[in-house]
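Listed below are the residues making up each chain.
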Amino acid sequence: MNTLKFAVAAIFAASLSTPALAQDEAAFQLPEQCTSGSAMGHAGHGGMHGGGRETGMMRMEGMDMAGMTEFQRQNMEKMAVTMPAMMDGMMQGDPDVAFACAMIAHHQGAIDMARIQLEHGKDPWIRALSEQIIEAQVREIADMTQWLADNAR
């Protein structure tokens, strides 16, 4: 569990000093139903674009981004966008809406990782799996987004 906490903290620390992140944040946004005022227990968190990444265990300064490979850095940058969005989504007051919102961000993270794997990876089986993940998760994001539009109040 400590390893997971460290990994999450490292991801968020990386986001604090990565200039390319602003472009990525603009590219991915949760549906409106996930960012409305219906979130509970959300006061002061800062939302997916704010200071939430700088609080608690998630603040780790001095991460050596220069020591990472290109694909590692790209994965960290993408996860620094989708992980806070997933946490924001889970804060919705309705459990069904919270699930859909958090899963949209989670699926986007999987899509991002698969695209980076396709850019840098070589193994044919993993590349085929990455393509399958992208196709399935894009479809599921569309389904959940439609469900939110039809059902979230």
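For every chain, the first residue of its written sequence is number 1, and the numbers climb from 1 along that sequence. Per-residue local features of the predicted model are confined to residues with pLDDT of at least 70, and side-chain atom pairs are confined, for both listing and counting, to 80 or more; whole-chain, interface and lining totals are unaffected and use all residues. In computing side-chain properties, one takes all heavy atoms of the structure into account and sets aside hydrogens as well as water.

Draft legend 1. Fine view of the packing of helix α5 (residues 95-120) against helix α6 (residues 124-151). Two elements in contact, α5 and α6, have axes whose closest approach is 8 Å; the angle formed by their N-to-C orientations is 155 degrees. With respect to α6, the axis of α5 lies roughly antiparallel. Crossing of α5 against α6: the hand is left-handed. Classification convention: Asp, Glu, Lys, Arg as charged; Ala, Val, Leu, Ile, Met, Phe, Trp, Tyr, Cys, Pro as nonpolar; all other residues, Gly among them, as polar. When grouped by side-chain class, the residues that make up the contact of α5 with α6 number 17 nonpolar, six polar and five charged. Simply put, an axis is a line fit to the C-alpha atoms, just over the touching stretch for a helix, and the angle between two N-to-C directions goes from 0 to 180 degrees. To qualify as a helix, a DSSP run of H or I must reach at least 4 residues; to qualify as a strand, a run of E must reach at least 2; elements of each kind are numbered from the N terminus. The labels follow the angle: roughly parallel below 35 degrees, roughly antiparallel above 145, roughly perpendicular from 65 to 115, and oblique for the rest. Take the far helix as your reference; a near helix turned counterclockwise from it by less than a right angle gives a left-handed crossing, and one turned clockwise gives a right-handed crossing.

Draft legend 2. Local environment of α6. Counted at 1.5 Å a residue, the expected span for α6 with its 28 residues is 40 Å, and the 40 Å between its end C-alpha atoms agrees. With a 1.4 Å probe rolled over the protein chains alone, any residue whose accessible area is under 20% of its type maximum counts as buried; one over 50% counts as exposed, and the rest are partly exposed. Taken together, the buried positions of α6 are occupied by Ser130, Ile134, Ala136, Gln137, Ile141, Met144 and Leu148. In this fold, the buried residues of α6 make contact with α3 (32-35) and α5. Pairs of N or O atoms within 3.5 Å make up the polar contacts considered here, provided that, within protein, one atom can donate a hydrogen while the other can accept it, and that residues adjacent in sequence are counted only when both atoms are side-chain atoms. The backbone nitrogen of Trp125 has a side-chain oxygen 3.0 Å away, supplied by the residue at the start of α6, namely Asp123. By this rule the span expected of a helix is its residue count minus one, scaled by 1.5 Å. The criterion used for residue contact is that any of the two residues' heavy atoms lie within 4.5 Å.

Draft legend 3. Representation of the pattern of salt bridges. Between Lys or Arg on one side and Asp or Glu on the other, a salt bridge is scored when a side-chain nitrogen of the former is within 4 Å of a carboxyl oxygen of the latter. Under the defined criterion, the tally for this structure stands at two salt bridges. In this structure, Arg73 and Glu70 form a salt bridge, with 2.4 Å as the shortest nitrogen-oxygen distance. Of this pair, Arg73 and Glu70 both sit in helix α4 (residues 70-90), three residues apart, which is roughly one turn of that helix. Its relative accessible area of 23% is what places Arg73 among the partly exposed residues. For Arg73, the salt bridge goes to Glu77, with nearest N and O atoms at 2.3 Å. Taken together, the positions of Arg73 and Glu77, both in helix α4 and four residues apart, correspond to about one turn of that helix. Under the relative-accessibility criterion, Glu77 is labelled buried at 8%. Each member of the salt-bridge network shares a partner with another, and the members are Glu70, Arg73 and Glu77.

Draft legend 4. Structural view of the state of the cysteines. By disulfide we mean two sulfur atoms from cysteines, separated by a distance within 2.5 Å. All chains considered together, the criterion is met by one disulfide. Two residues share a disulfide in this structure: Cys34 and Cys101, whose sulfurs sit 2.0 Å from each other. The chirality of the disulfide connecting Cys34 with Cys101 is left-handed, given an S-S dihedral of about -85 degrees. With a gap of 67 residues between them, Cys34 in helix α3 and Cys101 in helix α5 connect regions that are remote in the sequence. Of the residues examined, Cys34 reaches a relative accessible area of 2% and is grouped as buried. With relative accessibility at 0%, the residue Cys101 sits in the buried group.

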